[in-house]
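Notes for the structure review
Chain by chain, the residues run as shown.
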Amino acid sequence: MPELPEVQTIVNDLNESIKGKTIIGLRYCDAPKLIKGAVLADFKKRIKNRKIEKVERRAKNIIIFLSGEMLLTIHLKMTGHIIIISNSQFPISNGRVVSRQYIKKGRWVGENLPEVLQDPRNQYIHIVLELSGGYILAYSDVRKFGEWRLVKRDYLSSLESKLGPEPLDPKFTFDVFQSIIGRSTGKIKSVLMDQAKFSGIGNIYGDEILFYAGVRPDRTIKSLKTKELVKIYKSIRPVLEKAIKYRGSSESDFRDAFGLKGHYQEHSFVYRKEKQRCGKCGGVVKKIRIGQRSAHYCTKCQK
Ligand SMILES: [Zn+2]
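Keep in mind it's a predicted model, so treat the numbers as computed, not measured. Residue numbers run consecutively from 1 along every chain, following the written order of its sequence. For a predicted model such as this one, the threshold for reporting local features is a pLDDT of at least 70, and the threshold for listing and counting side-chain atom pairs is 80 or more; totals across whole chains, interfaces and linings nevertheless cover every residue. With hydrogens and water stripped out, all remaining heavy atoms of the structure feed into the side-chain values.

**Considering the sheet that holds strand 11 (residues 135-141)**
To be explicit about the condition: Pairing between strands requires that DSSP locate at least two bridges from one strand to the other. Working definition: helices are DSSP H or I runs of at least four residues, strands are E runs of at least two. Numbering for both runs from the N terminus. Note on definitions: angles span 0 to 180 degrees between N-to-C directions of axes, and those axes are lines fitted to C-alpha atoms, for helices only across the stretch in contact. Throughout, a residue-residue contact means that at least one pair of heavy atoms, one from each residue, lies within 4.5 Å.
Here we have eight strands laid out as an open sheet, ordered 5-11-10-1-2-3-4-12, and antiparallel in their pairing. Lying at the two open borders of the sheet, with one neighbouring strand each, are strand 5 (80-86) and strand 12 (147-152). Each strand of the sheet is rotated relative to its neighbour by a mean of 30°, with strand direction disregarded. Of the strands in this sheet, strand 2 (50-58), strand 3 (61-66), strand 5 and strand 11 touch helix 1 (residues 4-17), which is tilted by about 155° from strand 2. Taken strand by strand, helix 2 (residues 40-47) contacts strand 1 (22-29), strand 2, strand 3, strand 4 (70-75), strand 10 (125-131) and strand 12, and its axis lies near 160° from that of strand 1.

In structure tokens, the structure reads:
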């Protein structure tokens, strides 16, 4: 699942490529269940001719600010991603997807399709928006767990009430971190991944942060000393910033807004490195289960 660095990469890409463009219209949707809180016809009518003013991130949500005080929020869930493509490369004409022969068993396949759609992860296109300036915003999602919402701006306050602070916000001080930890119980990895406590940290960066901190993911909150909490706190920002620098992790589904892979996986230490040698000490990386999720740690570096 995309985490803070992946979503931030997409948000940055969208600001660079489609900020200021207008949504001419919804041109294709074969999975109306992705659109929450509205029937497809209504969504189609209300999104038409809205200008994209800016794009922001809150936790793992992409927030597209639209004209008329509206928001389009997109949560990618497990396998969703947005792909910005030129309409000259896309089978669309007069506001319609014209070559349905490309769509086979839910996948868009064909030599004439844009190069980026030759990557199987990009082929599960379920929503297509046509934008001004010759752009297409396509949404691919093999598992169809993603969530699109066209809502009024006050939706942000209801979203806000369910989420913990942003770890890259300057207001996220050690005191804030410590007080959240102080109100928590259970294993540190699970607490870091709880979106109501900290925004945007998931399985990948939870493992990496704890590696940097030298703390095992299955340590209980109760057992952690203040100096260990300081180490965890001080590892959060560098890990997330490094992952943004490498444009996220693409071991599996993640692609940026141009359909390309991120590179953090080439620089990670423990996530999905079970049975491999730790890049720092030569010890062995172990995989364990914590609740329903996996966790990875170095048996030597992490105590
Ligand atoms: Zn190690």
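**Section: the coordination of the zinc ion**
Octahedral metal centres with six donors ideally show angles of 90 or 180 degrees, and tetrahedral centres with four donors ideally show 109.5 degrees. Stated formally: Only N, O and S atoms count as donors, using a 2.8 Å cut-off from the metal and 3.2 Å for Na, K and Ca, and because water is excluded some sites may appear unfinished. Tetrahedral means four donors with every angle between 85 and 135 degrees, whereas square planar (four donors) and octahedral (six donors) require angles over 155 degrees between opposite donors and between 65 and 115 for all others; sites fitting neither are termed irregular. For every residue, the accessible area (1.4 Å probe, protein chains only) is compared with the maximum for its type, and the residue is labelled buried under 20%, exposed over 50%, or partly exposed between those bounds.
In this structure, C278 (SG), C281 (SG), C298 (SG) and C301 (SG) serve as the protein donors to the zinc ion, at separations of 2.2 to 2.4 Å. If you look at the zinc ion, its four donor atoms make angles of 99 to 116° with each other, and the shape they trace is tetrahedral. Positions of the donor residues of the zinc ion along the chain correspond to the pattern C-x2-C-x16-C-x2-C. With C281 in the loop between helix 7 (226-245) and strand 13 (285-290) and C298 in strand 14 (residues 293-298), the pair connects residues that are 17 residues apart, well separated along the chain. Residue classification places C298 among the buried residues on the basis of a relative accessible area of 0%.

**Describing the nonpolar core**
Basically, it comes down to this: Here, nonpolar core means buried Ala, Val, Leu, Ile, Met, Phe, Trp, Tyr and Cys residues that are tied together by side-chain atoms lying within 4.5 Å of each other.
Counting residues in each nonpolar core, the largest one holds 33 residues, and the members touching the most others are L14, I62, L66, I74, I82 and W148. Here this core takes four residues from helix 1, the largest share from any one element. Apart from residues no more than four positions distant in its own chain, L66 is found in contact with I23, I47, R50, K51, I52, E53, L71, L72, L150 and R153. In terms of nonpolar packing, the next biggest core, distinct from the first, is built from 27 residues, I180, I201, A213 and L224 among them.

**Some points on the domain arrangement of the protein**
Going by this rule: Each domain span listed reflects an automatic or database assignment of domains. Simply put, the buried area is the total loss of 1.4 Å probe accessible area from both parts when two parts are fitted together.
The assigned domain composition of the protein is domain 1 (4-160) and domain 2 (174-252 + 265-298). Between the C-alpha centres of domain 1 and domain 2 the distance comes to 31 Å. Facing the eleven residues of domain 1 at the interface are 13 residues of domain 2. A combined buried area of about 980 Å² lies between domain 1 and domain 2, and 59% of that area is made up of carbon and sulfur atoms.

**Some points on the side chain of T9**
So the rule is basically this: Residues adjacent in sequence count toward polar contacts only when both atoms are side-chain atoms; beyond that, a polar contact is any pair of N or O atoms within 3.5 Å, and within protein one must be able to donate a hydrogen and the other to accept it.
As for its position among the elements, T9 is in helix 1. When its relative accessible area of 1% is taken as the criterion, T9 is described as buried. Of note is the side chain of T9, whose polar atom sits 2.7 Å from the backbone oxygen of P5. Excluding its chain neighbours within four sequence positions, the residues that come into contact with T9 are I244, R247, G248, F254 and D256.

**Focus on the packing of helix 1 against helix 7**
What counts here: Roughly parallel here means an angle under 35 degrees, roughly antiparallel means over 145, roughly perpendicular means 65 to 115, and every remaining angle is called oblique. When the near helix sits turned anticlockwise from the far one by under a right angle, the crossing is termed left-handed; a clockwise turn instead gives a right-handed crossing. Residues are grouped as follows: nonpolar covers Ala, Val, Leu, Ile, Met, Phe, Trp, Tyr, Cys and Pro; charged covers Asp, Glu, Lys and Arg; every other residue, Gly included, is treated as polar.
Contact geometry for helix 1 and helix 7: axes closest at 9 Å, N-to-C directions at 45°. By the angle between their directions, the pair helix 1 and helix 7 is classed as oblique. The interaxial crossing formed by helix 1 with helix 7 has right-handed handedness. Mapping the contact onto sequence places L4, P5, Q8, T9 and N12 in helix 1 and L240, A243 and I244 in helix 7. Taken together, the residues that form the contact of helix 1 with helix 7 break down as five nonpolar, three polar and no charged.

**Some thoughts on the packing of helix 4 (residues 174-182) against helix 7**
Where helix 4 meets helix 7, the axes come as close as 10 Å, and the angle between the chain directions of the two elements is 120°. By the angle between their directions, the pair helix 4 and helix 7 is classed as oblique. Where helix 4 crosses over helix 7, the handedness of that crossing is right-handed. Across the interface between the two elements, F174, F177, Q178 and I181 from helix 4 touch T226, L229, V230, I232, Y233 and I236 from helix 7. Class assignment for the residues of the contact of helix 4 with helix 7 results in eight nonpolar, two polar and no charged.

**Focus: the pairing of strand 11**
With six of its seven residues buried, strand 11 lies for the most part within the structure. Relative to strand 11, strand 5 runs antiparallel, the two sharing seven bridges. What sits directly across from I83, in strand 11, is A138. Sheet topology places strand 10 next to strand 11; six bridges connect them, and they run antiparallel.

**Observations regarding the packing of aromatic side chains**
Short version of the rule: Two aromatic rings from Phe, Tyr or Trp, using only the six-membered ring of Trp, form a pair when their centres are within 6.5 Å; if the ring planes differ by under 30 degrees the pair is stacked, by over 60 it is edge-to-face, and anything between is tilted. Whether a charge lies above a ring is judged from NZ of Lys or CZ of Arg, which has to be within 6 Å of the ring centre and within 35 degrees of the ring normal.
Applying the stated rule across the entire model yields 15 aromatic pairs. Ring plane angle 90° and centroid distance 5.2 Å describe the contact between Y28 and W108, whose orientation is recorded as edge-to-face. Linking Y28 in strand 1 with W108 in strand 9 (residues 107-108), this pair joins segments that are 80 residues apart in sequence. What links up through ring pairs into an aromatic cluster is the set F172, F174, F177, F198 and Y233. Positioned above the aromatic ring of F65 is the side chain of K54, whose terminal nitrogen or guanidinium carbon lies 4.5 Å from the ring centre.

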